[in-house]
Amino acid sequence: MTDDEGPRPRYQWIKDRDEDRLFAGWVGKRKFGRLLNPSNNPSKWDWNLVCLAGVRDFGRLGNAWYGSEDTARLAAKACEDAYDAAMAGTLFGMTPEDVEAIHEHERFMKARRG
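Residues numbered from 1 in each chain as written. Predicted model: local features only at pLDDT ≥ 70, side-chain atom pairs only at ≥ 80, totals over all residues. Heavy atoms only, no water.

### Some remarks on the overall build of the protein chain
For step 1, the next point in the chain: A tally of helices and strands in the protein chain yields 2 helices and 5 strands.
For step 2, the next point in the chain: Traced from its N-terminal end to its C-terminal end, the protein chain shows the element sequence β-β-β-β-β-α-α.
For step 3, the next point in the chain: Over its C-alpha atoms the protein chain spans a radius of gyration of 14 Å, differing by no more than 12% from the 13 Å that the globule rule assigns to 114 residues.
For step 4, the next point in the chain: Taken over the C-alpha atoms alone, the protein chain extends approximately 35 × 35 × 25 Å along its principal axes.
For step 5, the next point in the chain: When burial is assessed residue by residue, the protein chain has 33% of its 114 residues classed as buried.
For step 6, the next point in the chain: Of the contacts formed within the protein chain by residues at least 6 apart in sequence, a portion of 48% connects residues at least 24 apart.
For step 7, the next point in the chain: Entry remark: accessible area of the protein chain is about 7,000 Å², with carbon and sulfur atoms responsible for 50%.
For step 8, the next point in the chain: On the protein chain, the mean spot of the 18 positive side-chain charges and the mean spot of the 19 negative ones are 6 Å from each other. (Helix = DSSP H or I, 4+ residues; strand = E, 2+ residues; numbered from the N terminus. Rg over C-alpha atoms; globule rule 2.2 N^0.38 Å. Buried < 20%, exposed > 50% of the residue type's maximum accessible area, 1.4 Å probe, protein only. Contact = heavy atoms within 4.5 Å. Areas by Shrake-Rupley, 256 points an atom, 1.4 Å probe, with all protein chains shown as cover. Lys, Arg positive; Asp, Glu negative; His and termini not counted. Charge placed at Lys NZ, Arg CZ, Asp CG, Glu CD.)

The following block contains the structure:
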């Protein structure tokens, strides 16, 4: 994670080994989010949730699962807040069925890996 000002991340953020401007957010073994400092706008950090596999209607979520912030730490906080809300089923537009679908997809992938 970068040393810019802002709240300390609550979860682990790991820099991509091939791309200095890309970070993945992890809770244990679950990859939940991504931060990217795009080369076409280096003054912003884009974030998005990547843990929503199983959610069938992303249109219902609006832009609650992605966004852009001025610093890496603010983007990490926004992504972490969205992740916490998604897992609690309180992210804008989420239903209890969406939360169960996320967990079902994780169980399926875990069984598939053996």
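### Considerations on the pattern of salt bridges
For step 1, the next point in the chain: A full pass over the atoms with the stated rule returns 12 salt bridges.
For step 2, the next point in the chain: The partner of glutamate 104 in a salt bridge is arginine 107, and the shortest N-O contact between them spans 3.0 Å. Within this pair, glutamate 104 and its partner arginine 107 are both found in helix H2 (residues 96-113), separated by 3 residues, close to a single helical turn.
For step 3, the next point in the chain: Owing to a relative accessible area of 42%, glutamate 104 belongs among the partly exposed residues under this scheme.
For step 4, the next point in the chain: Several salt bridges share partner residues, and in doing so they unite Arg10, Lys77, Glu80, Asp81 and Asp84 into one network. (Salt bridge = Lys/Arg side-chain N within 4 Å of Asp/Glu carboxyl O.)

### Details of the sheet that holds strand S3 (residues 30-36)
For step 1, the next point in the chain: Taken in spatial order, the 5 strands make up an open sheet running S1-S2-S3-S4-S5, and their pairing is antiparallel. Strand pairing shows two members of the sheet lacking a second neighbour, strand S1 (12-15) and strand S5 (66-69), which therefore form its edges. Taking each pair of neighbouring strands and ignoring which way they run, the sheet shows an average axis angle of 25 degrees. (Pairing = 2+ DSSP bridges. Axes fitted to C-alpha atoms, helices over the stretch in contact; angles between N-to-C directions.)

### Regarding the side chain of aspartate 98
For step 1, the next point in the chain: Take aspartate 98: it is sitting in helix H2.
For step 2, the next point in the chain: Not counting chain neighbours up to four residues away, the residues in contact with aspartate 98 comprise Val55, Arg56, Arg60 and Gly93.

### Some thoughts on the environment of arginine 8
For step 1, the next point in the chain: Here arginine 8 is to be found in the segment before S1.
For step 2, the next point in the chain: Sequence separation between arginine 8 and arginine 112 is 104 residues, and the spatial gap between their C-alpha atoms is 35 Å.

### Details of the packing of aromatic side chains
For step 1, the next point in the chain: If you walk through the whole model with that rule in mind, you get 7 aromatic pairs.
For step 2, the next point in the chain: Look at tyrosine 11 and phenylalanine 32: their rings are 5.5 Å apart centre to centre, the planes differ by 70 degrees, and that puts the pair in the edge-to-face class. Within this pair, whereas tyrosine 11 is found in the segment before S1, its partner phenylalanine 32 is found in strand S3, the two being separated by 21 residues in sequence.
For step 3, the next point in the chain: Ring centres of tryptophan 13 and phenylalanine 32 lie 5.4 Å apart, and the angle between their planes is 70 degrees; this geometry places the pair in the edge-to-face category. Of this pair, tryptophan 13 sits in strand S1 while phenylalanine 32 sits in strand S3, and the two are 19 residues apart along the sequence.
For step 4, the next point in the chain: Taken together, Tyr11, Trp13, Phe32 and Tyr83 form an aromatic cluster joined through their ring pairs. (Phe/Tyr/Trp six-rings, centres within 6.5 Å; stacked < 30°, edge-to-face > 60°.)

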